[in-house]
Amino acid sequence: MSQQTQSRSRQRCEDCGNEIGELDPAAVCPRCGGLLELEHDESLDAATLMTAFVARRAAMTGADHSGVWRYRELVLPSIQPNEIVSHPEGNTPLLERRAVAMWAGVERLLMKHEGHNPTGSFKDRGMTVAMTQARRTSARAVACASTGNTSASLAAYAALAGVPALVFVPAGKVALGKIAQTMAYGARTLLVRGNFDDCLRLAREASAALGIHLLNSVNPFRLEGQKTIVFELLDQLDWSPPDWIALPAGNLGNTSAFGKALREAHAAGLIARLPRLAAVQASGAAPFAQSFRGGFAERVQVDPDTIATAIRIGAPASWDRAVRAINETNGVVTSVSDAEILEAKAVIDASGVGCEPASAASVAGVRQLRSRGVIAPDARVVAVLTGHVLKDPGAVVSYHQETEPPPSHANRPITIEPRVSEVERVLAEGKR
Ligand code: F0G
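Definitions and limits used
Residues numbered from 1 in each chain as written. Predicted model: local features only at pLDDT ≥ 70, side-chain atom pairs only at ≥ 80, totals over all residues. Heavy atoms only, no water. Buried < 20%, exposed > 50% of the residue type's maximum accessible area, 1.4 Å probe, protein only. Helix = DSSP H or I, 4+ residues; strand = E, 2+ residues; numbered from the N terminus. Pairing = 2+ DSSP bridges. Contact = heavy atoms within 4.5 Å. Axes fitted to C-alpha atoms, helices over the stretch in contact; angles between N-to-C directions. 1 Å grid on protein atoms, 1.4 Å probe; cavity = no way out; pocket = protein on both sides within 12 Å on 5 of 7 lines; lining within 4 Å. Points joined across faces, edges and corners; volume = space filled by probe spheres on them. Nonpolar A, V, L, I, M, F, W, Y, C, P; charged D, E, K, R; others polar. Near = heavy atom within 4 Å. Polar contact = N/O pair within 3.5 Å; in protein donor to acceptor, adjacent residues only side chain to side chain. Areas by Shrake-Rupley, 256 points an atom, 1.4 Å probe, with all protein chains shown as cover. Sits in = over half its atoms within 2 Å of the grid points. Phe/Tyr/Trp six-rings, centres within 6.5 Å; stacked < 30°, edge-to-face > 60°. Salt bridge = Lys/Arg side-chain N within 4 Å of Asp/Glu carboxyl O. Parallel < 35°, antiparallel > 145°, perpendicular 65-115°, else oblique. Left-handed = near helix turned anticlockwise from the far one by under 90°.

## Thoughts on the pairing of strand E13 (residues 380-385)
The buried fraction of E13 amounts to 5 of the 6 residues, a majority that puts the element mostly inside the structure. The pairing of strand E5 (residues 108-113) with E13 spans 6 bridges and is parallel. For His 113, the partnering residue across the bridge sits in E13 and is Leu 385. In the sheet, strand E10 (residues 244-248) pairs with E13 via 3 bridges, with the strands oriented parallel. Bridge assignment links Ala 246 to a residue of E13, and that residue is Ala 383.

## What to know about unusual backbone geometry
In this chain, His 87 is followed by Pro 88 through a cis amide linkage whose omega measures 0°. Take Pro 88: it is sitting in the loop between helix H2 (62-65) and strand E4 (94-95). Positive phi outside glycine occurs at Ser 138, with the angle close to 55°. Along the polypeptide, Ser 138 turns up in the loop between helix H4 (123-136) and strand E6 (142-145).

## Considerations on the sheet that holds E10
Across the sheet, 6 strands lie side by side as E4-E5-E13-E10-E11-E12; this open sheet has mixed pairing. Of all the strands in the sheet, the pair left with one neighbour each is E4 and strand E12 (332-336). Against the sheet, helix H8 (residues 220-236) touches E4, E5, E10 and E13, its axis set at about 135° to E5. Taken strand by strand, helix H13 (residues 357-371) contacts E5, E10, strand E11 (276-282), E12 and E13, and its axis lies near 155° from that of E13.

## Some remarks on empty space enclosed by the protein
Under the criterion given, the structure shown has 2 cavities of 30 Å³ or more. In this structure, the largest cavity encloses a volume near 320 Å³. Around the largest cavity, the lining is made up of 27 residues, and of these Phe 122, Lys 123, Asn 251, Ala 310 and Ile 311 lie nearest the centre. If you list the elements that add at least two residues to the lining of the largest cavity, you get helix H5 (149-161), H8 and helix H9 (253-267). If one sorts the elements of the lining of the largest cavity by residue count, H9 sits on top with 3 residues. Along the lines of polarity and charge, the residues of the lining of the largest cavity split into 10 nonpolar, 14 polar and 3 charged.

## What about the site of the ligand?
Taken together, 20 residues are adjacent to the ligand, and Ser 146, Thr 147, Gly 250, Asn 251 and Thr 386 come closest. Within the contact set of the ligand, an oxygen atom lies 2.7 Å away from a side-chain nitrogen or oxygen of Ser 146. Coverage of the ligand by the protein amounts to 99% of the 480 Å² it exposes when considered alone. Placement of the ligand is best described as lying within the largest cavity. When contributions to the shell around the ligand are tallied by element, the ones reaching two or more residues are H5 and H9. In terms of residue class, the shell around the ligand is built from 8 nonpolar, 10 polar and 2 charged.

## Focus: the environment of Gly 186
Tracing the backbone shows Gly 186 in the loop between helix H6 (176-184) and strand E8 (188-192). Separated by 31 residues in sequence, Gly 186 and Ser 217 have C-alpha atoms that sit 21 Å apart.

## Some words on the packing of aromatic side chains
Scanning the entire structure with this criterion turns up 6 aromatic pairs. These aromatic residues form a ring-pair network of at least three members: Phe 53, Tyr 71, Phe 231 and Trp 239.

## Digging into the pattern of salt bridges
Any two side chains of opposite charge can pair, on the condition that their charged atoms come close. Scanning all chains against the criterion turns up 31 salt bridges. Across the salt bridge formed by Arg 321 and Glu 14, the nearest N and O atoms sit 3.0 Å from each other. Taken as a pair, Arg 321 in helix H11 (residues 319-328) and Glu 14 in the loop between strand E1 (9-13) and strand E2 (19-21) lie far apart in primary sequence, 307 residues in all. Overall, the relative accessible area of 7% leaves Arg 321 in the buried class. Of the charged contacts in the structure, one is a salt bridge between Arg 263 and Glu 328, with a shortest N-O distance of 2.7 Å. Within this pair, whereas Arg 263 is found in helix H9, its partner Glu 328 is found in helix H11, the two being separated by 65 residues in sequence. Under the relative-accessibility criterion, Arg 263 is labelled partly exposed at 21%. Classification of Glu 328 as partly exposed rests on a relative accessible area of 35%. One connected set of salt bridges, linked through shared partners, spans Arg 10, Arg 12, Glu 19, Glu 39 and Asp 41.

## Describing the side chain of Ser 66
Tracing the chain through its elements places Ser 66 in the loop between H2 and E4. Judged by relative accessible area, Ser 66 falls into the buried class, the value being 0%. If we ignore the near neighbours within four places in the chain, the residues touching Ser 66 are Ser 86, Pro 88, Glu 89 and Asn 91.

## Considering the packing of H4 against H8
Describing two packed helices takes the angle between their axes plus the distance from one axis to the other. Where H4 meets H8, the closest approach of the two axes is 7 Å, and the angle between their N-to-C directions is 140°. As far as their axial angle goes, H8 and H4 are oblique. With respect to the hand of their crossing, H4 and H8 are arranged in right-handed fashion. In this structure, H4 uses Lys 123, Arg 125, Gly 126, Met 127, Val 129, Ala 130 and Gln 133 to contact H8, whose residues at the interface are Phe 221, Arg 222, Gly 225, Gln 226, Thr 228, Ile 229 and Glu 232. Broken down by class, the residue content of the contact of H4 with H8 amounts to 5 nonpolar, 5 polar and 4 charged.

On their own, these measurements won't tell you what the molecule is for.
Rendered as structure tokens:
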């Protein structure tokens, strides 16, 4: 299979420009250790691309149904359908909820809900591509460091591909839903005494030493898959770009992928202008936001702490390419407090949409940028919700049931005796 593959892409080092082949399994540039990015040889025009996308949209099964592989010309053009490892993924909704828009102060706010992916987060979009590539290059095992979503996704795709999986997660700092998924899907789970940054360092060292294929977002194939969040949302808007795309930022893989997607969509003529990116960090884990305030003069590291465990990261790996994404889109980076994240989450949850804490950072960021006058009141904004509400049930229970005094959006459960009169009493009290 892979021997017959005709390469149509190259991996290029972002630091030294060194080029290696599409099927080279190197995790980083073999010459200087820099991060690799994929470059595709062929550039197709917008009309040809759109015809291919539309033709695949009708499919209901298999890789053609995938919201990642629909855009394969821009992801991995050489791929053969029988090589693809797909659950399938993508095809996530673009939602409009008045209550959330009102709270954020931006009337034309849409939410791209990546929690609708098969394992409940956007990670599946990158994982289908990286796992496909790992199998194509005959990887004997795959590994990642994770705050929980990447590990859940890797575990599910490794199970599908039939490849052994090893994950490194910070002990005691992974939300319940994510650690449960990782174990359930059968990955060998290592609880590391350290934070995510320690896990990533260990995963990189162990992969290099033991010949294991690393599937963190330093892997350029992950970013190719994650670009399709942007392609799909633009497609859903008939290729009429919004003014802003807001997303939570941790290790900065997604911010980098969004920048690359926008650059390529613009170069292909799919969109006439670039939306601005708003990358939002939690204030207790905001090295990128801090650096942005200083014009990116310094690469900052912090000791991270936030309730949004998914983005509890102090030394982001995809730094330089994320800087490029922000600069090229005239974007901004900001940070929001845990209290703001939890309030945004409560509003999103109560709209019936629901998301995990890190995801709510995007909407909290939109509200803050609106109040600072950075985002105009009539701007068209897409906020990306990166993970499902059930990823972190602990955060929900503690917010609604345990926080003292109850936050303004708390929905306290009420314990009653098994009598109709009790129900009547509760109804008479009205809606808190
Ligand atoms: N939102 C969620 C729900 C995440 O899980 C992550 C990252 C991010 C946002 C930030 O994306 O790292 O590309 O800037 N989660 C990784 C993981 C670190 O291991 O699951 P990023």
